[in-house]
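Fold and geometry: a report
Below are the chains, spelled out letter by letter.
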Amino acid sequence: MSAAEAADVMEDMRATSIDLSVVVPAYNEEERIGPTLDAVVGYLRANEGRFGTWEVVVVDDGSTDGTRDIVTAASARETRVQLVTSPRNRGKGNALRLGVLASYGRRVLITDADLAAPIEELEALDKAMGEGHAAAIGSRSAPGATIERHQHRMRELLGRAGNVLIRRIAVPGIRDTQCGFKLFHGDRAREAFAASRLSGWGIDVEILQHFRRSGWPVAEVPVRWAHQPGSKVHALDYARVLAELTVLKVRSVRPADVLAAAAFLLMALALYSGRWAGPDHRYLPDSLQDQNQWEWFFAVTADNVAHLRNPLFTTLQGFPDGVNLMANTVMLGLTVPFAPVTLLFGPAISLALVMTLGLAATAAAWYRLIARRVVPHRGAAFTGAALAAFAPPMVSHANAHPNFVVLFMIPLIVERVLRLCAGARVVRDGVVLGLMTAYQIFLGEEPLLLASLGMVLFAGAYAVVRRDVARAAWRPLLKGLAIGAGVCLPLVALPLYWQFFGPQSYRSVLHGDKAGNSPLALFSFSGRSLVAGDDAVANALSLNPTEQNAFYGWPLAALAFAIVIRLWEHALVKALAFTAVAAGLLSLGPRFQIPLSHSTLPGPWALLADKPLFESVIEGRVAMICAPALGMLVALAVERLVRTPNVGNQFIGLTAVAAALIPIVPAPLRAVERAPVPAFIADGTWKSYVGRDETLVPVPLPDSGNAEALHWQTAADLEFKLPGGYFNGPYGSERIGIYGAAPRYTSNMLRDISFTGVAPVIGENWQAQARRDFAYWKAGVLVLPPQQYQDKLRETVDKLVGRPGRWVGGVWVWDLHG
C-alpha cells in the first residue's frame, strides 16, 4: 500500500469514528489559545465515556502573532488537535466555515477561544441535543443563565439592542444568537456552513436562519458565562453586524417574491395608467366627486400638520360649523406621513401615489399571508393574492375610496391573530396586534370592522370542523386579544372620543333601502371587467360605479363551487366556503328582492343592521369579504393542479381557472381631463373680495353631487373657507349623519335650480332669508362658474343680492361688501 493510499485509509477511519468535533476560531490569540486547548483537551480526555471519540479543530484566521506556533506545538503533543489556516484575516465567519467544513464529528461544538462559556457547559448542550434537537446553542439571556462577570455596560446595551434587531429581522424567538458556544448535528452544520456567505460576526445568525428554514429544531440552553479581557469585538463591529444582517435579509428574499411584488406594482400602475398620464390634470369620472374630496382630505391634513393645528377638525369646509375629520375617514395613518409629499407636489400626486402603492402593497400582503399560511407554491399564492386585491369590488373602490383599497394591514392583522392561536408568544403577539389595530383605525375603521366580521365567520366555521384546534386556541387567543385591546385603546381613545362625541360628530349615516346587493350582482360582471364588463347591467345592480361591491361573475362562482366539492375533506376549504357564502348572504341587506320577481325576503343582515357601528355600514360592502376567501380557494386549487402528475388533469384544471378569472380582469380605470380652475381662483383675484374672517360662497354650494369647489380650494392652497361641502356631518337634534353641511333655505334653493332649472319667485322673504344665510356663512363673495342652468342661477342671485353680478376671471361674481 502506497503512502497516499495509507493516508486515505486513515482519513476514512477518522471520518467514520469521530463522535465530537470542537471548532475554535482564533485570531492573534497567543495569550489565550494555550490554556484554552489545555482545558478543552483535558475535559474531553476525562469524558470520553460520555462524548466518545473527539477532535479539536483550531482555525488560525491569518494571525500575525504566535498563535499558529502554539497550536502546532499542542498538535504535536495531542494528534487529535488539528490546525487549519487562512492565508489572511477574513473574519470569524470565514474561520468558522473553514473549521466546520474541515470537521468530521457526528456532532460539532463551536466555542470561542476565550472560553467565556466554560467547556463544562457542553453537558447541558449535549443533554438538549439528546432530546431530539438539531442544535443546542448557549444563551446568556435564557432563564437560568448565569453571568459571572459582565461586559462593559455600553457593550451590554449594544448587544441587547442588536439581539432585538436580530430577532425581528432574522430569527424570531431566539434570545441570544451571539454567544460563542454552540453544539450542532455534524452533517447539518456542514450543510449550513457550506451554504453560508457571511464572513463576519453575522455568521451565527445566518446559520441559525438556515436551521430555522430547514425545519431543524434549535434549543436555546442557559449557560454560565464570564466576560474575558482582550475581546476582539470592537464598537465598529456592531455596525458591521448590522450591515451583514441587511445583506442576509436581502439574500433571504426569494426571487419569486420579488417578481410577485413587482408584478403587483405593474398591475396597479396599469389600472391607474390614465391617471398617471397627468396626475395633476386627470380625473377619474367614475369616482363621481370622491377624487375632489380625497384630494382635499390630503391637502387639509398636510396644512394642519404644517401649521401645527388639530388634525381632527377644520372649518375650511362646512363653515362656520366645520368638519369632524376623524369622523370622515381622512386616513391619518397615511395623510399625515404623506404631508411632505402633499406640500411639495400637491394632493393630486399624493392621492395617486397612495392609491397605486397601497393597492400593490395590499396584494403583496395577501401574497405573503397565502404563501405562509395556505399554499407554499409561489405561483398559486400569486394567483390567490391577485384575486384578493384586484377583485371587481376592489377595482370599483379603486376609483374613489383609498380606505377600501389600501388594506395592507388587514392580512398582517389576520396573520398576527393566527399566531395568537398557536399560543407561543401571546404577550408579544398581543402587543403587536394592538399596535397594528391602532394603525388600521387611522387607515379605515369600516374595513377593519368588515375584516373582523370575516375573521369571526371563518373562526366559527373552522371551530366547528376542527374542535381540537379550537379547544387549544381559544385561551391564548382571548388572552392575546385582551392584551391587544389594552395596547390599542389608550392609543385611539382620544381620536375615537372626538369622532363620536366631538364637534360635528354624528350618530349614524343612513344609506337608504338599496344599499344591499342584488343576488344577481354576485354572479354578474362589473362595469370595469376587461372582457365581460357591462356598464348598463352593473349600474342597474349597484348604487353607483364606486359601490359595485360584488360582481365576481358566474364562472368564478362555478369554479369556487367545484373547488369546494373537490377539496371538501380539508377543514380550511370548509371554513373558507362558509365565510364566502355567509358574507355574500349578509351583503344582500336586511331585505332583498328575489330575482325576476317582485317578492322580497328578509336577509340575515337584519340581525346586525341596527347594532352600533354596523348601522353606518353600507351592507353591500360585506361582499368584499368574499375576495380573499375566493382567492385562497383558487390558490389551493392551483397548487393542487400544478403538483398533480396527470398532465391532462392539470391542463383541464388550469384552463378552468383561467376561464373563471379572465372575464373579471379589470380594464384600466377611465380618466379624463379635469375641469380647469377658473382664473378668478387660479390667479388669486378672489383675494380682493374675501376678508380675513369671510368665506367664498360657490353657487350652488358644494355638496356630494358637485364638489368642484373643493378643487378650487386646494388649488388656492386652502387660503379661503367654504360653506357647504362634501363630508359627513350631523343633521337635526338627533345628529343623524348626512352628506354635507346641514342645509339652509338658500343653499337648498340654489341646489334645486342647478338640477331642475326652475327658480321660485324671489320676493322680500327670499331676500331676507338670503341675507340671514349670507351672514351665517360670513360670505364675502358669491361665485357662479359656467354650468347647466347658469342663466337661471344668475338671475336668481341678482334678485337675492339686489344688483347684477360681474363677469370676472371666467366666473360671475357678486361682491357682498356693497
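Described in the following lines is the structure provided in the data block.

Conventions we followed
- Residue indices begin from 1 for each chain and proceed along its sequence in written order.
- Given that the model is predicted, a residue must reach a pLDDT of at least 70 before its local features are reported, and side-chain atom pairs must reach 80 or more before they are shown or counted; all residues, however, enter totals for whole chains, interfaces and linings.
- The side-chain figures draw on all heavy atoms in the structure; neither hydrogens nor water molecules are used.
- Secondary structure counts use DSSP, requiring at least four H or I residues in a row for a helix and at least two E residues in a row for a strand, with both numbered from the N terminus.
- When accessible area is computed with a 1.4 Å probe and restricted to protein chains, residues below 20% of their type maximum are described as buried, those above 50% as exposed, and intermediate ones as partly exposed.
- Axes here mean lines fitted to C-alpha atoms, for a helix over just the part in contact, with angles spanning 0 to 180 degrees between N-to-C directions.
- Our angle categories are set so that under 35 degrees counts as roughly parallel, over 145 as roughly antiparallel, 65 to 115 as roughly perpendicular, and the remainder as oblique.
- With the far helix as reference, a near helix turned anticlockwise by less than a right angle produces a left-handed crossing, and one turned clockwise produces a right-handed crossing.
- Between two residues, a contact is recorded if the distance between any of their heavy atoms is within 4.5 Å.
- Each residue gets one of three labels, nonpolar for Ala, Val, Leu, Ile, Met, Phe, Trp, Tyr, Cys and Pro, charged for Asp, Glu, Lys and Arg, and polar for the others, Gly among them.
- Should a side-chain nitrogen of Lys or Arg be within 4 Å of a carboxyl oxygen of Asp or Glu, the pair is scored as a salt bridge.
- Strand pairing follows a simple DSSP-based rule, namely that at least 2 bridges must link the two strands.

Right, let's talk about the environment of Ala 262 for a bit. Along the chain, Ala 262 turns up in helix H11 (residues 255–271). Residue classification places Ala 262 among the partly exposed residues on the basis of a relative accessible area of 37%. Between the C-alpha atoms of Ala 262 and Thr 79, which are 183 residues apart in sequence, the distance is 57 Å.

We now examine the packing of helix H17 (residues 378–390) against helix H26 (residues 626–643). Where H17 meets H26, the axes come as close as 7 Å, and the angle between the chain directions of the two elements is 160 degrees. When the interaxial angle is binned, H17 and H26 end up roughly antiparallel. In the packing of H17 onto H26, the handedness of the crossing is right-handed. Residues Ala 380, Thr 383, Gly 384, Leu 387 and Ala 388 of H17 form the contact with H26, whose own contacting residues are Ala 627, Pro 628, Leu 630, Gly 631, Val 634, Ala 635, Val 638 and Glu 639. Counted by class, the contact of H17 with H26 contains nine nonpolar, three polar and one charged residues.

Taken as a whole, this structure holds 33 salt bridges when the rule is applied. With a closest N to O distance of 3.2 Å, Glu 673 and Arg 282 form a salt bridge. In this pair, Glu 673 is assigned in strand E15 (residues 672–673) and Arg 282 in strand E10 (residues 282–283), connecting sequence segments 391 residues apart. Glu 673 sits in the exposed class, given a relative accessible area of 55%. Each member of the salt-bridge network shares a partner with another, and the members are Arg 45, Glu 48, Glu 78 and Arg 80.

Turning our eyes to something else, we now look at the pairing of strand E16 (residues 695–698). Residues of E16 alternate between two faces, with Thr 695 and Val 697 on one and Leu 696 and Pro 698 on the opposite face, all of them buried. Bridge count between E16 and strand E19 (residues 779–784): four bridges; the pairing is parallel. From the neighbouring strand, Leu 696 faces E19, where its bridge partner is Val 781.

The next point concerns the sheet that holds E16. Pairing is mixed across the open sheet formed by four strands, whose spatial order is E16-E19-E21-E20. The open sheet is flanked by E16 and strand E20 (806–808), the only strands paired with a single partner. Strand-to-strand twist of the sheet, defined as the mean angle between neighbouring strand axes without regard to direction, takes the value 35 degrees. In terms of strand pairing, E20 meets strand E21 (residues 811–815) through three bridges, oriented antiparallel. What sits directly across from Arg 806, in E21, is Val 813.

The seven strands are arranged E3-E2-E1-E4-E7-E5-E8 in an open sheet whose pairing can be described as mixed. Two strands lie at the open edges of the sheet, namely strand E3 (81–86) and strand E8 (218–222), each paired on one side alone. On average, each strand axis in the sheet is inclined to that of its neighbour by 20 degrees, with strand direction left out of account. Here strand E5 (residues 135–139) runs beside E8; their pairing, made up of five bridges, is parallel. Across the sheet, Ala 135 pairs through a bridge with Val 218, a residue of E8. The strands touched by helix H2 (residues 33–46) are strand E1 (20–26), strand E2 (54–61) and E3; relative to E2, the strand with the most contacts, the crossing angle is about 165 degrees. Here helix H6 (residues 122–129) sits on the sheet and contacts E1, strand E4 (107–111), E5, strand E7 (181–185) and E8; the angle it forms with E7, its principal contact strand, is near 30 degrees.

These figures come from the coordinates and say nothing about function on their own.
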